[in-house]
Each structure stands twice: as structure tokens, then as C-alpha cells.
Amino acid sequence: GAGVSQTPSNKVTEKGKYVELRCDPISGHTALYWYRQSLGQGPEFLIYFQGTGAADDSGLPNDRFFAVRPEGSVSTLKIQRTERGDSAVYLCASSSQGQNINYGYTFGSGTRLTVV
Amino acid sequence: SQQGEEDPQALSIQEGENATMNCSYKTSINNLQWYRQNSGRGLVHLILIRSNEREKHSGRLRVTLDTSKKSSSLLITASRAADTASYFCATQNSGYALNFGKGTSLLVTP
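Since we're looking at a predicted model, the values are computed, not measured.

Draft legend 1. Quick peek at the overall build of chain B. When its secondary structure is counted, chain B shows 0 helices and 11 strands. Along chain B, from the amino end to the carboxyl end, the secondary structure elements read β-β-β-β-β-β-β-β-β-β-β. The burial tally for chain B puts 46% of its 110 residues in the buried class. Counting only contacts in chain B whose residues sit at least 6 apart along the sequence, the fraction spanning at least 24 positions is 53%.

Draft legend 2. Spotlight on the nonpolar core. Core analysis: the largest hydrophobic core is formed by 22 residues, its most contacted members being B:Leu32, B:Trp34, B:Leu74, B:Ile76, B:Tyr87 and B:Leu106. Of all the secondary-structure elements, those providing two or more residues to this core are strand S2 (10-14), strand S3 (19-24), strand S4 (31-37), strand S5 (43-50), strand S7 (61-66), strand S8 (71-76), strand S9 (85-92) and strand S11 (104-109) of chain B. Apart from the residues within four sequence positions on either side, B:Ile76 is in contact with B:Glu17, B:Asn18, B:Ala19, B:Met21, B:Arg60, B:Leu61, B:Asp83, B:Tyr87 and B:Leu106. Judged by nonpolar contacts, the second largest core, of 20 residues, contains A:Val19, A:Leu32, A:Phe49 and A:Leu60.

Draft legend 3. Quick peek at the interface of chain B and chain A. Across the contact, 25 residues belong to chain B and 27 residues belong to chain A. Between chain B and chain A lies a buried interface of about 2,000 Å² when both sides are counted; carbon and sulfur atoms form 50% of it. Summed over the shared surface of chain B and chain A, the number is 4 residue pairs in polar contact (both at pLDDT 80 or more). Broken down by class, the residue content of the side of chain B that touches chain A amounts to 8 nonpolar, 14 polar and 3 charged.

Draft legend 4. How the structure looks around the packing of aromatic side chains. Evaluated as defined, the whole model comprises 10 aromatic pairs over all chains. Seen in terms of ring centroids, A:Phe107 and B:Phe100 are 6.2 Å apart; in terms of plane orientation they differ by 70°. Their pairing is edge-to-face. Remark: B:Phe100 occurs in strand S10 (residues 99-100) and A:Phe107 occurs in strand S10 (residues 106-107); the pair is interchain, linking two chains. Under the relative-accessibility criterion, B:Phe100 is labelled buried at 0%.

Draft legend 5. Layout of the sheet that holds S3(B). Residues and elements named next belong to chain B. Pairing is antiparallel in the open sheet, where 5 strands are placed in the order S1-S3-S8-S7-S6. Looking at strand neighbours, the two that pair on one side only are strand S1 (5-7) and strand S6 (55-58), the edges of this open sheet. This sheet shows a mean twist of 20° between the axes of neighbouring strands, independent of strand direction. Relative to S3, S1 runs antiparallel, the two being bridged by 3 bridges. The partner of Glu6 across the bridge, within S3, is Cys23.

Draft legend 6. Up close: the state of the cysteines. For the structure shown, the criterion picks out 2 disulfides over all chains. Bridging A:Cys23 to A:Cys92, the disulfide has an S-S length of 1.9 Å. Its S-S torsion of about -65° marks the bond between A:Cys23 and A:Cys92 as left-handed, since a negative value means left-handed. With a gap of 69 residues between them, A:Cys23 in strand S3 (residues 19-24) and A:Cys92 in strand S9 (residues 88-95) connect regions that are remote in the sequence. In terms of burial, A:Cys23 and A:Cys92 fall into one category: buried. A sulfur-sulfur separation of 2.0 Å characterises the disulfide bridge that pairs B:Cys23 with B:Cys89. Here the S-S torsion is close to 65°, and the disulfide linking B:Cys23 with B:Cys89 is therefore right-handed. Taken as a pair, B:Cys23 in strand S3 and B:Cys89 in strand S9 lie far apart in primary sequence, 66 residues in all. Assigned by exposure class, B:Cys23 and B:Cys89 land together as buried.

About the thresholds
Residues numbered from 1 in each chain as written. Chains lettered and ligands numbered in written order. Predicted model: local features only at pLDDT ≥ 70, side-chain atom pairs only at ≥ 80, totals over all residues. Heavy atoms only, no water. Helix = DSSP H or I, 4+ residues; strand = E, 2+ residues; numbered from the N terminus. Buried < 20%, exposed > 50% of the residue type's maximum accessible area, 1.4 Å probe, protein only. Contact = heavy atoms within 4.5 Å. Core = buried A, V, L, I, M, F, W, Y, C linked by side-chain atoms within 4.5 Å. Buried area = accessible area lost by both parts, 1.4 Å probe. Polar contact = N/O pair within 3.5 Å; in protein donor to acceptor, adjacent residues only side chain to side chain. Nonpolar A, V, L, I, M, F, W, Y, C, P; charged D, E, K, R; others polar. Phe/Tyr/Trp six-rings, centres within 6.5 Å; stacked < 30°, edge-to-face > 60°. Pairing = 2+ DSSP bridges. Axes fitted to C-alpha atoms, helices over the stretch in contact; angles between N-to-C directions. Disulfide = S-S within 2.5 Å.

Shown next, in the form of C-alpha cells:
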């Protein structure tokens, strides 16, 4: 597609439920990133994919968070047993230059997750 | 963790004036990038400056980088109401992750 697409744009879920957030990167972009942004803060890195593999998942806060990218294109961020503290905007970005870091990213519009 | 720190946190100016935002960071970097965010959603990449560069221009944007002081500035000249947004600096070191600051909220009034 023309840009990075994230669905849903908004998600309200009850505490303890499981949620999946989807990211559809720019076609051909091999690098894909997930970030989380809490209110009044800058985005914080969660995980980076190069192709199908998670090259760096050091930003995932705990084992309730998991992400996959089985075919090297669409990625899904999965959150188990959601907590109110997980409420944030989840941003996805892609880049065609994953091996060369001197390029900017293209971000999606994000998914606003609210855990009640 | 957030490495970059923008200053000021909020800035209010009138159309036509210049806006200057500063960013300080803590560790060595490969590059520093500036992003704009409208309404708390997607970020738009504005400009990237490599660690061996000192100044870069893009349209009405001018970015400087001083690696000895670990600081950068973003200048928006002849500001417009449409420039109203939050602006973030992000550093990239040896890894792939971008480390963002908390941002500067810019308000440009007609």
C-alpha cells in the first residue's frame, strides 16, 4: 500500500482480555518496528523485525507481549491478560533499509488501546 | 528508556515567526532524526542528520548537530498555523531502535 496501515485505529478492552493489533507495512519494506506511546511521552521501542524474524525484542515490557511477522509482511502485536497500564497508542513503522540505519522510518497512524 | 530531551516542552508563536526547538541526548549516536506528530497519532519523518554532519536544510527546516555538546536544534522559519504539532527528536546509535524524547508542543496562532 501507499503507507503503513494499522488496525484497528481504536480498541477498548476489559482488563484481563487478550488483544491483537495489526500492522500492514509499506510493500517491500523488510524492516518493521513496533513502538508504544503513553500520554505525554515520546514513543518507546518494543520490537524490531527484519524479514520474518524478530531481530531485537528487547523493548517488550514482559512476557504478556508477543509479536509475529510470519510471512515477512503483516505483523501482529499480541497482548495477553491486558492491564490498565497497557493503555497507550501502539505505533508501527517500516523501512526499506533495515540493514542501513541511516534512514528515517514511515509510521502508521497507530492503534489507541484503552484497557478498562 | 528515553534518551532525547526536548526543550522547551511547549512553545507558542505567531504565524510568520521562527520556531526553535532544542534536543539534548546522553550517549554517542549514528544519527539524529526529527519527527512531527499531529493529534497524538502517526509520526512524520522530517529530517535526519548523521553524526558527521553539522547542519542540514529541508525547505523551511534547518537542523544543527553538535556532537561535542550532545545537542541538536530544529529551526522552522516563517511558521504557519499548519506547523502546529508536537515535534520529537530521536537518536539512533549502534542498534536499530530509535530513542525518542518527550517532545516539544508547538502552537502557531494566526
